[in-house]
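# A closer look at the structure
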Amino acid sequence: MPRAGLTVERIVAAAADLADEAGFENVTVSALARHFGVKDASLYSHVRNLQDLRTRIALLAGGEMIDRIAAAVAGRAGKAALAAFAGAYREYAHRHPGRYAATQIRIDQSLVADSPALRRTAEITYGMLRAYGLDEPDLTDAVRLLRSTFHGYCALEATGGFGAPRDVEASWDKAVEALHVALENWPREEMTRPA
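Let me begin by describing the structure that accompanies this report. Note that the structure is predicted; figures quoted are calculated from it, not measured.

Conventions used here
Residues numbered from 1 in each chain as written. Predicted model: local features only at pLDDT ≥ 70, side-chain atom pairs only at ≥ 80, totals over all residues. Heavy atoms only, no water. Helix = DSSP H or I, 4+ residues; strand = E, 2+ residues; numbered from the N terminus. Buried < 20%, exposed > 50% of the residue type's maximum accessible area, 1.4 Å probe, protein only. Contact = heavy atoms within 4.5 Å. Salt bridge = Lys/Arg side-chain N within 4 Å of Asp/Glu carboxyl O. Axes fitted to C-alpha atoms, helices over the stretch in contact; angles between N-to-C directions. Parallel < 35°, antiparallel > 145°, perpendicular 65-115°, else oblique. Left-handed = near helix turned anticlockwise from the far one by under 90°.

## Concerning the environment of Leu-53
Relative to the elements of secondary structure, Leu-53 occurs in helix H4 (residues 50-73). Residue Leu-53 is classed as buried on the basis of its relative accessible area of 0%. Spatially, the C-alpha atoms of Leu-53 and Leu-43 are 9.9 Å apart, while their sequence positions differ by ten residues. Beyond its immediate sequence surroundings of up to four residues, Leu-53 is in contact with Ile-11, Val-12, Ala-15, Val-27, Leu-32 and Val-47.

The following block contains the structure:
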């Protein structure tokens with residue numbers, strides 16, 4: 001492929017595909033250069049370094065993932081929205097394991113404010129949780145609970161970590177049901193009022 005055809009978008013898309021095929025941890029500038037049939041230096045005019053490339057994969061994947069989640073939760077509220085959100089999250093993790101792994105890396109906070117995908121993720125997630133009557137700081141706590149549960153389940157499932165004969169789909173449904181019950185009965189933090 002000619003060097004002139006390289007763009008940041010093409011490079012990041014190819015890197016995301018490589019992440020799904022070989023694993024996010026195996027994405028390197030050298031592997032990507034081989035894919036395009038160019039020298040490593042040709043890529044450095046488009047991405048600063050490996051960290052920059054991996055951050056760009058994370059932002060791409062985060063945008064793809066929230067698009068699927070947004071479509072799934074549209075027009076739903078409460079338990080139906082939670083189940084749709086959870087299902088879209090899990091499906092993305094299954095279909096795009098390398099991209100999904102990228103969404104779990106820590107991103108420089110200065111980039112977060114500039115990312116429409118990350119802002120949209122917060123809007124959709126917090127919007128779904130507000131239907132449960134949550135406000136800060138409970139919203140942040142609830143987001144952390146959901147993310148921990150969804151990620152933990154997907155990570156264990158991906159590595160074959162569930163060895164019991166119980167169907168993993170049935171356990172997933174129970175986990176989502178339990179989260180719904182927890183959100184409906186959230187132990188709200190009382191705001192302290194000045195004396």
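Having seen it, we continue.
## Describing the pattern of salt bridges
Evaluation of the coordinates by the stated rule reveals ten salt bridges. Here Asp-52 and Arg-48 are joined by a salt bridge, their closest N and O atoms 3.7 Å apart. On the basis of relative accessible area, Arg-48 is assigned to the exposed category, the value being 64%. A salt bridge links Arg-95 to Glu-91; the nearest nitrogen and oxygen atoms lie 3.0 Å apart. Taken together, the positions of Arg-95 and Glu-91, both in helix H5 (residues 78-95) and four residues apart, correspond to about one turn of that helix.

## Description of the packing of H5 against helix H10 (residues 168-184)
Two elements in contact, H5 and H10, have axes whose closest approach is 10 Å; the angle formed by their N-to-C orientations is 135°. Between H5 and H10, the angle falls in the class oblique. Judged by the sense of rotation from one axis to the other, the crossing of H5 with H10 is right-handed. Contacts between H5 and H10 involve Lys-79, Leu-82, Ala-83, Ala-86, Gly-87 and Arg-90 from the former and Val-168, Glu-169, Trp-172, Val-176, Glu-177, Leu-179, His-180 and Leu-183 from the latter.

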